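The lines below spell out each chain.
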Amino acid sequence: MSSVRAAVMTAPGKIEIREVAWPTVPDDCFLMKVDELGLCGSDKHMYLGHMQVPFPVVFGHEAVGHIAKLGSKANDSMNIIGGPLQEGDAVIIVPSSDACHHCTMCLHAPDRPYLCPNREVHGFLNLSGPEDLRGGSAEYMIIRPRSWVFKAPADLPAERRVLAEPAAVATRAVEKALMPGLPTSGSGLGIGKSVVVQGVGPIGLLIVAVLRYAGAGQIIATDSVNSRLEMASKLGATELLNITSSNVAQRMERVRALTEGLGADVVIEAAGVPAAFAESLQLVRRGGIVIEIGHYTDSGAVEIHPWTICNKDLDVRGVWAYPQMQFEPALRFLAGCTLPLESIISHRIPLDDVAHGLDLMGTEGVLKVVVTP
Ligand SMILES: [Zn+2]
Ligand SMILES: [Zn+2]
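Residues numbered from 1 in each chain as written. Chains lettered and ligands numbered in written order. Predicted model: local features only at pLDDT ≥ 70, side-chain atom pairs only at ≥ 80, totals over all residues.

### Observations concerning the sheet that holds strand 4 (residues 57-58)
So, point 1. A sheet is described by the order of its strands in space; here three strands give the open sequence 2-1-4, paired in antiparallel fashion. Whereas interior strands pair on both sides, the edge strands pair on one side only; in this sheet they are strand 2 (14-21) and strand 4.
So, point 2. Sheet analysis places strand 1 (residues 3-11) next to strand 4, joined by two bridges and oriented antiparallel. Considered in strand 4, the bridge of Met9 is made with Val57. (Pairing = 2+ DSSP bridges. Helix = DSSP H or I, 4+ residues; strand = E, 2+ residues; numbered from the N terminus.)

Structure below.
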């Protein structure tokens, strides 16, 4: 092979299929054959021009594949879970590199490595030469020092590997609703607790499945797309509310009817719509928890009454990305969950159709779109 085919985003709304020269692989790196790339909401946001990135970009961060060429020092230059690595190994790449361990954020909040501004994140980097094949929308990717690499667990079905990154997001959203302390204290998520999941796109669907796996009681899913709600029901949702055929007052009434008149113990906002956040404050019970995970990009403002947060004694918790080790519970969940998680993947498409794949996202009948370069 003399070149690598890559789908390169050159500007918002513009994707070119390019032949990039075959890269040389430094000793401290490895070359990964990309088997599958999950398309993510953030890829679509980039495509729609909602994100500042240094175009041209080989986009895509939900990449899984096999090691095609292993540099002689690669095992020492990165964080490897389940290693040592060998050529031919199936691997799952965490998009973010290691934190720098030196900046103010790293020194003050080492448990939140995703807040370090000195990380590099695959799929968001500038392409200026073959050594920058650092996104998943290509036949091959270079994995550089400071990367985090999980060897695919033997008990994880191959078709679920590509769900690792969204499962990291989903497991963290659910874990953030756990309350430190005794589970019998009545606060936070626990066995039998009621949860509303607003928005059941691929992330919301995985959140529903993680909640079911983790022992939640009522799981009430809301969305405007029927095919998503139907899938939420297959993954453990106990109540489906289509927001186009109900209003906020009706949804509040239904949630209260299902929760002894109180409201949900936890509400997880995964829709990324400002009005959904305002509604989350109404659907949650007094003393409850709201998890805000949907607004990865800024989609505007909404009117809320701060009194509600005060009066209900709410914990409102943001979730942005995850520590790299979040892939461990994510992979355990994907390996151990008996629900039909792989049916979240509704489309598998070739690299040449990637722009069409981005257009499909969010429409009726479309759940997770996966590219097979
Ligand atoms: Zn993602
Ligand atoms: Zn840092």
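### Things to note about the domain arrangement of the protein
So, point 1. Here the protein is described as being made up of domain 1 (3-167 + 322-372) and domain 2 (177-318).
So, point 2. Look at where the C-alpha atoms of domain 1 and domain 2 centre, and you get two points 29 Å apart.
So, point 3. Each side of the interface is counted separately: domain 1 has 19 residues, and domain 2 has 18 residues.
So, point 4. Elements with a contribution of two residues or more to the side of domain 1 that touches domain 2: helix 1 (41-47) and helix 4 (164-175).
So, point 5. For the side of domain 1 that touches domain 2, the leading source of residues is helix 1, giving three residues.
So, point 6. Classifying every residue of the side of domain 1 that touches domain 2 gives 10 nonpolar, seven polar and two charged. (Domains from an automatic or database assignment. Contact = placed C-beta atoms within 7 Å. Nonpolar A, V, L, I, M, F, W, Y, C, P; charged D, E, K, R; others polar.)

### What about the nonpolar core?
So, point 1. If you look at the biggest cluster of nonpolar residues, it comprises 104 residues, and the most contacted ones within it are Met32, Ala164, Val197, Leu205, Ile207, Val208 and Ile268.
So, point 2. A domain-level breakdown of this core finds at least three residues from each of domain 1 (3-167 + 322-372) and domain 2 (177-318).
So, point 3. If near-sequence neighbours (up to four positions away) are discounted, Ile268 is found in contact with Ala173, Val195, Val197, Gln198, Ile207, Ile291 and Ile293. (Core = buried A, V, L, I, M, F, W, Y, C linked by C-beta atoms within 7 Å. Buried ≥ 20, exposed ≤ 12 C-beta atoms within 10 Å, placed from the backbone.)

### Quick notes on the pairing of strand 8 (residues 140-143)
So, point 1. Alternating residues of strand 8 divide into Tyr140 and Ile142 and Met141 and Ile143, and every residue in both groups is buried.
So, point 2. Relative to strand 8, strand 3 (residues 30-38) runs antiparallel, the two being bridged by four bridges. In the strand pairing of strand 8, Lys33 is matched with Tyr140.

### Looking at the sheet that holds strand 10 (residues 195-198)
So, point 1. Ordered by their spatial adjacency, six strands build an open sheet running 12-11-10-13-14-15, and the pairing between neighbours is parallel. Each end of this open sheet is capped by a strand with a single partner; those strands are strand 12 (239-242) and strand 15 (315-318). Pairwise comparison of adjacent strand axes, ignoring direction, gives a mean angle of 15 degrees for this sheet.
So, point 2. Bridge count for strand 11 (residues 219-223) against strand 12 is four bridges, and the pairing is parallel. Across the sheet, the residue bridging to Thr222 is Leu241, located in strand 12. (Axes fitted to C-alpha atoms, helices over the stretch in contact; angles between N-to-C directions.)

### A few points about the environment of Val58
So, point 1. Checked against the element boundaries, Val58 lands in strand 4.
So, point 2. Excluding residues within four positions of it along the chain, Val58 makes contact with Ala6, Val8, Leu127, Leu133, Arg134, Gly135, Ser137 and Ala138.

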